[in-house]
Amino acid sequence: MTEQKDTEHNSVDSQQISETTDHVVTKSDNAWSSRITGIWKQATKNLVNLLPVEQVTQTIVQWFSVSEAEIAEILDTVRSELPTTEALLIGKPQAGKSSIVRGLTGVSAEIVGQGFRPHTQNTQRYAYPSSDLPLLIFTDTVGLGDVKQDTQIIIQELIGDLQQSSRRARVLILTVKINDFATDTLRQIAQQLRQQYPDIPCLLAVTCLHEVYPPSIVDHPDYPPDYEEINRAFAAIEQDFTGLCDRCVLIDFTLEEDGYNPVFYGLEALRDALADLLPEAEARAIYQLLDDVAGRQLGDLYRDAGRRYILPFAVMAAALAAVPLPFATMPVLTSLQVSMVGLLGKLYGQTLTPSQAGGVVSAIAGGFLAQAVARELIKFVPGFGSVIAASWAAAYTWALGEGACVYFGDLMGGKKPDPEKIQGVMKEAFQKAQEMFKGIKK
């Protein structure tokens, strides 16, 4: 009975999305064609002489006609080019592994908890922002420290994972609580993994610092903390892991309700340590995901999870636009954005097929793109520019995500999405995003 109700509900949702998309598209179709013609007339005379208006108009309209088969093919290619980092989190329960995931992704504890899926008997996996297009993949060990668990089985599972051929950058992250000195099992695992894979860097994260603060301390001090209790414990842990780790870092990632500020204490130190251990492209992606300006622009990370999922797709768009290959075409950006819109739809309780997500992209992006592309049309036409500016691709993707949030928010509230309202939100978001991503270079 429940399955039947769910099916009916999804069917109604899909029908509502389809009808609403048709409504938005119909309202903007005429304006779309006229705007494209107007844009073309504003382009350079040389470009006009070389390519007729009708040809360019047809080309631009086709950008929004990417088939599901084409999307799958493009995303498969994009996936192989993404600067993806796989982090293997190894530590006891409550040692801060999930907190590290929250700190690096910015999503809430609830979303992180729901995102992990069983991978092997003793590991779980979480891909951010999505399994289709991951920038970060976290593999979390479970059951470590449980006397019922065979350490060798855990080690063999991790080695089996690492044996699989992969182009992804990998890093081991060991987590130890500042007041936990029963680390024999963790050191045994680290030792065997380092012997088998000495080229995979290893970071030791010492966590839960507030548990050994002096009694009079009620908040985090300036980083790094300089208390005798912490210095003594940290030195002892470092000594225990001598020769097993390439970097050691002190962090304390808490929940907002715990009352410690900042919530992610030592996040910059963790970011810098990871960047030192990772290849340049992967390190740059992590820096962009944790950029201070982006954090200030977001402002409400915990109230609006949608924006935290828009950011990595904007970073992907910038990364791919900067590659001197034919990736920076609108079909590639459209495919990325179809995936992003599908993910945002799930956050708002809507399940979309790629075709439906593509319809949403077409509905809300057409009029906006017609205006935004005017100044840079030459970069979209084959032969007149190698790649789209990375910052432009990121800003456009960000704006589209913001528009999708408005679209799905209206649907969730029982309203029919207003194209003019969406265009206004996207225009404002695009301007802010251009400032946010202006430092992204080719």
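Above this text you will find the structure in question.
Per chain, the residues get numbers from 1 upward, laid out in the order the sequence is written. Owing to the predicted nature of the model, reporting of local features is limited to residues with pLDDT of at least 70; listing and counting of side-chain atom pairs is limited to 80 or more, with chain, interface and lining totals taken over all residues. For the side-chain quantities, the full set of heavy atoms in the structure was used; hydrogens and water were omitted.

Examining the pairing of strand β5 (residues 169-177)
Stage number 1. The buried label applies to any residue whose accessible area, calculated with a 1.4 Å probe on protein chains only, is under 20% of its type's maximum; exposed applies above 50%, and partly exposed to all values in between. The helix and strand labels rest on DSSP assignments: H or I over at least four residues marks a helix, E over at least two residues marks a strand, and numbering proceeds from the N terminus. Summarising burial for β5: eight of the nine residues are buried, a large majority.
Stage number 2. In the sheet, strand β1 (residues 85-91) pairs with β5 via seven bridges, with the strands oriented parallel. Bridge pairing in β5 links Leu88 to Leu172.
Stage number 3. One ladder, built from six bridges, connects β5 with strand β6 (residues 202-207); its direction is parallel. The partner of Lys177 across the bridge, within β6, is Thr207. Two strands are said to pair when DSSP picks up at least two bridges between them.

Considerations on the nonpolar core
Stage number 1. Grouped together as the largest cluster of nonpolar side chains are 87 residues, with contacts concentrated most on Ile100, Leu104, Tyr126, Phe138, Leu270, Trp398 and Phe408.
Stage number 2. In terms of nonpolar packing, the next biggest core, distinct from the first, is built from 35 residues, Leu209, Tyr213, Phe234 and Tyr265 among them. Residues enter a nonpolar core if they are buried and are Ala, Val, Leu, Ile, Met, Phe, Trp, Tyr or Cys, with the set joined through side-chain atoms within 4.5 Å.

Observations regarding the packing of aromatic side chains
Stage number 1. Pairing of aromatic rings covers Phe, Tyr and Trp, the last counted by its six-membered ring, and requires centre-to-centre distances within 6.5 Å; plane angles under 30 degrees mean stacked, over 60 mean edge-to-face, and any other angle means tilted. For the structure on display, the rule yields eleven aromatic pairs.
Stage number 2. With centroids separated by 5.5 Å and ring planes inclined at 70°, the aromatic side chains of Tyr213 and Tyr227 adopt a geometry described as edge-to-face. With Tyr213 in the loop between β6 and α9 (228-240) and Tyr227 in the loop between β6 and α9, this pair connects stretches of sequence that are 14 residues apart. Tyr227 shares its class with Tyr213; the two are buried.
Stage number 3. Taking 6.4 Å as the distance between ring centres and 65° as the angle between the ring planes, the aromatic pair formed by Tyr213 and Tyr260 counts as edge-to-face.

Here we look at the side chain of Glu86
Stage number 1. By the element assignment, Glu86 lies in strand β1.
Stage number 2. What qualifies as a polar contact is a pair of N or O atoms within 3.5 Å, subject to a donor-acceptor requirement within protein and to the restriction that residues adjacent in sequence count only when both atoms come from side chains. A polar contact of 3.3 Å, which involves the side chain of Glu86, links it to the side chain of Thr139.
Stage number 3. The contact criterion used is simple: two residues touch if any of their non-hydrogen atoms lie within 4.5 Å. With residues near it in sequence (within four places) discarded, Glu86 still touches Arg125, Ile137, Thr139, Arg168, Ala169, Arg170 and Val171.

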